Amino acid sequence: MRYAGRDPDGLTRKEHVLRHAKNQPDRRGSHGVFDGGEEMAFQIIDEAWKKAQKSGIRPKSEGDSLAYTIPMGRRVGYLGGTAGRARGNPALTTVFIVLKKGTKDVITAFPTVIRGISL
């Protein structure tokens, strides 16, 4: 996996992903936060990617990107932001990874609630 390029706000892709290494309690809505901060964020993402490949998890195609929802079977983070605070910062056990179609270029990655299931 590669963390190349910049997001629409000018952050590098690494900087973009690392926004999910600490809570932003005043951020509106939900914000998935990796357990273990910066040290663990990329390790969890790598573990999730390997699991997706080994398990044959199929991505959802969204325009020029591929979105993977990878259940990890254990806690990997928590729900932060204002929505997370309102819900007591519940544990998250799924990693969401978005890659640029046809590449291994990461657009974003973060812990999430399984799509279609609300807390």
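Everything numeric here is computed off the predicted structure, so don't read it as measured data. (Residues numbered from 1 in each chain as written. Predicted model: local features only at pLDDT ≥ 70, side-chain atom pairs only at ≥ 80, totals over all residues. Heavy atoms only, no water.)

Q: When you look at the pattern of salt bridges in this model, what are you seeing that I'm missing?
A: For the structure shown, the criterion picks out 4 salt bridges. In this structure, arginine 75 and aspartate 35 form a salt bridge, with 2.7 Å as the shortest nitrogen-oxygen distance. Placement of arginine 75 in the loop between strand 3 (65-71) and strand 4 (77-80) and of aspartate 35 in the loop between strand 1 (31-34) and helix 2 (37-55) is noted, with a sequence separation of 40 residues between them. Here arginine 74 ties to glutamate 47 by a salt bridge, and the two come within 2.4 Å at their closest N and O atoms. Within this pair, whereas arginine 74 is found in the loop between strand 3 and strand 4, its partner glutamate 47 is found in helix 2, the two being separated by 27 residues in sequence. Using a relative accessible area of 35% as the deciding quantity, one classes arginine 74 as partly exposed. (Salt bridge = Lys/Arg side-chain N within 4 Å of Asp/Glu carboxyl O. Helix = DSSP H or I, 4+ residues; strand = E, 2+ residues; numbered from the N terminus. Buried < 20%, exposed > 50% of the residue type's maximum accessible area, 1.4 Å probe, protein only.)

Q: For this particular structure, what's the right way to read the pairing of strand 3?
A: Every other side chain in a regular strand lies on the same face of the sheet, so the side chains alternate between the two faces. Burial of strand 3 is extensive: 5 of the 7 residues sit out of reach of the surface. Two elements, strand 2 (residues 60-62) and strand 3, share 3 bridges in a ladder whose sense is antiparallel. Residue pairing in the sheet places lysine 60 in a bridge with alanine 67 of strand 3. In textbook terms, the turn of a hairpin is the stretch between consecutive antiparallel strands, and for strand 2 and strand 3 this stretch comprises 2 residues, one of which, glycine 63, has a positive phi near 65 degrees. (Pairing = 2+ DSSP bridges.)

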